[in-house]
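Examining the three-dimensional arrangement
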Amino acid sequence: MHDKTITELSQLLENKETSSQEITQSFLERMRIIDPHLNAFITINEDYALQAALDADKRRKDGNAQKLTGIPIAHKDIFCTRGVKTSCGSHMLDNFISPYDATVTKRCKDAGMVLLGKTNMDEFAMGSSNENSFYGYVHNPWNPELVPGGSSGGSAAAVAASLTPIATGTDTGGSIRQPAAFCGITGLKPTYGRVSRFGMVAFASSLDQGGPLSKTAADAALLMNVIAGFDPQDSTSVDTSVPDYTATLNDSLQGLRIGIPKEFFSDGLDPEIATAIQVAAKELEKLGASLHDISLPNTELSVPAYYIIAPAECSSNLARYDGVRYGYRCEEPKNLDDLYKRSRSEAFGDEVKRRIMIGTYALSAGYYDAYYLKAQKVRRLISQEYQNALQQVDVILGPTTPTTSFALGSKTDDPISMYLNDIYTIAVNLAGLPAISVPAGFAQKLPIGMQLIANHFQEAKLLNIAHQYQQVTDWHKRQPEMNHQG
Ligand code: GLN
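As the structure is a computational prediction, the values presented were derived from the model and not from experiment.

Right, let's get into the overall build of the protein. A tally of regular secondary structure across the protein gives 15 helices and 11 strands. For a compact globule of 486 residues, the expected C-alpha radius of gyration is about 23 Å, and the protein comes in at 21 Å, within 12% of that figure. Taken along its principal axes, the extent of the C-alpha atoms in the protein is 65 × 55 × 45 Å. Expressed as a percentage of the 486 residues in the protein, the buried residues total 62%. As displayed, the protein has an accessible area near 18,400 Å², and 51% of this comes from carbon and sulfur atoms. The centroid of the 44 positive side-chain charges in the protein is displaced by 4 Å from the centroid of its 54 negative side-chain charges.

We now examine the packing of aromatic side chains. In total, this model carries 17 aromatic pairs according to the counting rule given. On the numbers, 4.7 Å between centres and 75° between planes, the contact of Tyr306 with Tyr307 is edge-to-face. By the burial criterion, Tyr306 is buried, and Tyr307 matches it. Aromatic pair Tyr321 and Phe348: ring centres 6.2 Å apart, planes at 85°, arrangement edge-to-face. Taken as a pair, Tyr321 in the loop between helix H9 (299-317) and helix H10 (336-347) and Phe348 in the loop between H10 and helix H11 (350-363) lie far apart in primary sequence, 27 residues in all. What links up through ring pairs into an aromatic cluster is the set Phe96, Phe124, Tyr321, Tyr326 and Phe348. Here the basic side chain of Lys411 rests over the ring of Phe406, its NZ or CZ set 4.4 Å away from the ring centre.

This brings us to H9. For H9, which comprises 19 residues, the first-to-last C-alpha distance of 27 Å matches the rise-based estimate of 27 Å (1.5 Å per residue) to within 8%. At Ala305, H9 is bent by approximately 30°, the largest bend along its length. Among the 19 residues in H9, 15 count as buried, and that is most of the element.

On to the environment of Asp219. Turning to its location among the elements, Asp219 is positioned in helix H7 (residues 217-227). Judged by its relative accessible area of 0%, Asp219 falls in the buried class. In contact with Asp219, not counting residues within four places along its chain, are Thr5, Ile6, Thr7, Pro165, Ile166 and Ser214.

The next point concerns the site of the ligand. Thr172, Gly173, Ser175, Tyr306 and Arg355 are the nearest of the 15 residues found near the ligand. Contact distances for the ligand include 3.3 Å between an oxygen atom and a backbone N or O atom of Gly174. At a separation of 2.8 Å, a nitrogen atom of the ligand approaches a polar side-chain atom of Asp422. For the ligand, whose accessible area on its own is 290 Å², the fraction buried by protein is 99%. Taken together, the residues of the shell around the ligand sort by class into five nonpolar, seven polar and three charged.

Before going further, it helps to spend a moment on the side chain of Asp57. Mapped onto the elements of the fold, Asp57 is located in helix H3 (residues 46-61). Buried and without a salt bridge, Asp57 has Arg60 as its closest oppositely charged side chain, separated by 5.8 Å.

This brings us to the pattern of salt bridges. Under the definition given, this model contains 17 salt bridges. Notably, a salt bridge pairs Asp322 with Arg325, separated by 2.9 Å at the nearest N-O pair. Looking at Asp322, the relative accessible area reads 10%, which means it is buried. According to the relative accessible area criterion, Arg325 is exposed, its value standing at 58%. Put simply, Arg355 and Glu351 hold a salt bridge, and the shortest N to O gap is 2.7 Å.

The element strand E9 (residues 395-399) is largely enclosed, with a buried count of five among its five residues. With five bridges connecting them, E9 and strand E11 (residues 446-454) associate as antiparallel partners. Looking at E11, one finds that Val395 is bridged to Ala454.

Attention now goes to the pairing of strand E2 (residues 72-76). A large share of E2 lies buried, amounting to five of its five residues. Strand direction decides the pairing type here: E2 and strand E3 (residues 114-119), joined by five bridges, are parallel. Directly across from His75, in E3, lies its bridge partner Lys118.

Cut-offs and rules
Residues numbered from 1 in each chain as written. Predicted model: local features only at pLDDT ≥ 70, side-chain atom pairs only at ≥ 80, totals over all residues. Heavy atoms only, no water. Helix = DSSP H or I, 4+ residues; strand = E, 2+ residues; numbered from the N terminus. Rg over C-alpha atoms; globule rule 2.2 N^0.38 Å. Buried < 20%, exposed > 50% of the residue type's maximum accessible area, 1.4 Å probe, protein only. Areas by Shrake-Rupley, 256 points an atom, 1.4 Å probe, with all protein chains shown as cover. Lys, Arg positive; Asp, Glu negative; His and termini not counted. Charge placed at Lys NZ, Arg CZ, Asp CG, Glu CD. Phe/Tyr/Trp six-rings, centres within 6.5 Å; stacked < 30°, edge-to-face > 60°. Lys NZ or Arg CZ within 6 Å of the ring centre and 35° of its normal. Expected span 1.5 Å × (residues − 1). Bend = angle between axes of the 7 residues up to and from the residue. Contact = heavy atoms within 4.5 Å. Near = heavy atom within 4 Å. Polar contact = N/O pair within 3.5 Å; in protein donor to acceptor, adjacent residues only side chain to side chain. Nonpolar A, V, L, I, M, F, W, Y, C, P; charged D, E, K, R; others polar. Salt bridge = Lys/Arg side-chain N within 4 Å of Asp/Glu carboxyl O. Pairing = 2+ DSSP bridges.

Function-wise, these values are silent; they only describe arrangement.
Below is the structure:
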C-alpha cells in the first residue's frame with residue numbers, strides 16, 4: 001500500500017478496492033515504526049487523521065467524492081492548520097495553535113484529503129539542510145547520516161520513505177526542489193502568485209511559494225488541481241484561469257526547445273551530476289525535443305542578491321514575534337524592552353538571528369542604497385535575463401543542486417558554503433518563475449535531481465515534460481533500502 005502513488009490510490013478508492021480508513025491506518029502504522037529514525041514529523045495527529053478518513057469514506061459512499069477524497073497528505077509545519085499546532089520549526093511558535101486554516105490546507109481539507117501530520121522543517125524555512133529546526137535534524141532516508149535538504153526536509157523525507165503518499169512544501173530559494181533532489185522525489189515550485197500564501201507563515205514574502213512534493217509528476221499535477229488558483233485573501237495571488245494539470249501530461253514533446261545554460265555546468269558542479277543531466281537531456285531529445293546552448297551570465301549574482309533580499313524581508317516579517325500577542329514569551333519580564341529582547345533572544349535560533357541582523361543592517365538608512373537597492377537591481381537584471389532566454393527556448397534544463405546530499409553537521413559552521421547550495425535554484429524565485437525537480441540518476445548511491453524551469457504560469461508544461469520523462473525512465477521508482485523492510 002505505502003509505495004503507491006496518489007494516482008494509483010485514488011483509482012483504488014474509486015474502484016472500492018480499499019477505503020481511506022485502510023490507507024490511513026497503513027500510513028500511520030508505518031510512521032510509528034519509521035519516523036523515530038527520520039524525525040520527519042513535528043506533529044502526528046492519529047485521531048484527527050482517522051476521523052478525516054472516516055468522513056472521507058462516508059463522502060465517497062454518498063457519491064460526493066472528488067478525485068483526492070480520502071488520500072492522506074502531510075503539510076509542512078509552515079501552513080496554518082486550525083486546531084493543530086503550527087510551529088514553523090521554531091521554539092517561538094512551539095505553543096501556537098492556529099485559529100484558522102491556510103488556504104492550501106483548507107483546499108486540501110475541502111477536497112476530502114486526510115491530514116496525517118505536520119512535517120519538520122528549518123526554523124521559519126531558513127536553511128538548506130533541515131539542521132536549523134527547533135525539533136532536531138531530519139535524516140535522509142537514503143542514508144540516515146546525511147541531510148534530507150531543506151527547508152522542506154521533513155516533507156521530502158516523509159514522501160521518500162513512504163510515510164505519506166504526498167506532502168506540501170514551500171520554496172523561497174529552493175526549499176521544495178533541493179530536498180526533492182536530495183531525497184529522490186519530484187518537487188514543483190509554482191509561479192509566484194499561483195498558489196495562495198494566505199496562512200503560510202511568512203519568511204520572505206516576495207519569494208515564498210507553496211507547492212507539492214510527490215512521488216511522480218502526475219501526482220504533483222493532481223495536487224496542483226486542488227491547491228492552485230486565485231485567493232482574494234492573498235494580495236499577490238494572481239487571478240488567471242487554472243488549467244487541469246493532468247489534461248496535458250501526455251502531450252508530445254515534439255518540437256519542444258530546451259535551453260541548457262552553460263553557467264549551470266561550471267566548476268562547482270559534481271561531474272557525476274553533470275553527466276547524469278546530460279544523459280537526461282538526451283533522453284528528452286529522443287522524445288522529440290531539441291537542445292540549445294544558452295547563457296545566463298548573472299547566475300553567480302543570484303546568491304548574493306537573494307541573501308540580501310530574503311534576510312531584509314525576514315527581518316521585517318519576523319518583527320511580529322514580540323512576546324506580546326502570540327508565540328513564546330519570556331518568564332517574568334522586567335519591562336517592555338526586556339520582554340521584547342528576552343522573548344526574541346530566547347526563542348529564535350542562530351540562523352534566524354543571523355538573518356534578522358543581516359536584514360536589519362541592509363535596510364538601515366546608511367546602507368539601504370548600497371545593499372538592498374543594489375540587490376533589487378540585480379534581481380531585475382536576473383529576471384530580464386530569464387525572460388530573454390525564455391524567448392529563445394521553451395524551458396531551461398540543468399541540475400537542481402551542485403552536489404548530492406551531504407553529511408549532517410558538515411556545513412553547519414560555514415553558512416557561506418551552505419548558501420552556495422542554492423546556486424541553481426535561487427534565481428527562479430528572484431524571477432518568480434515555476435520550476436520542477438525530478439529524479440534523474442544516482443551518484444554514489446545518492447539521488448540526483450534534474451531541474452526544468454519555464455515561463456510564468458507554465459506549470460502544466462513542466463509537469464508534461466517531467467511526466468513524459470518518467471514514462472521512459474525509472475529513477476523516480478527507485479526507493480531507499482529502508483522502504484524494502486516492512
Ligand atoms: N536555502 C535557502 C535559504 O536558506 C532557501 C530556503 C527556502 O527556500 N525556504 O534561505
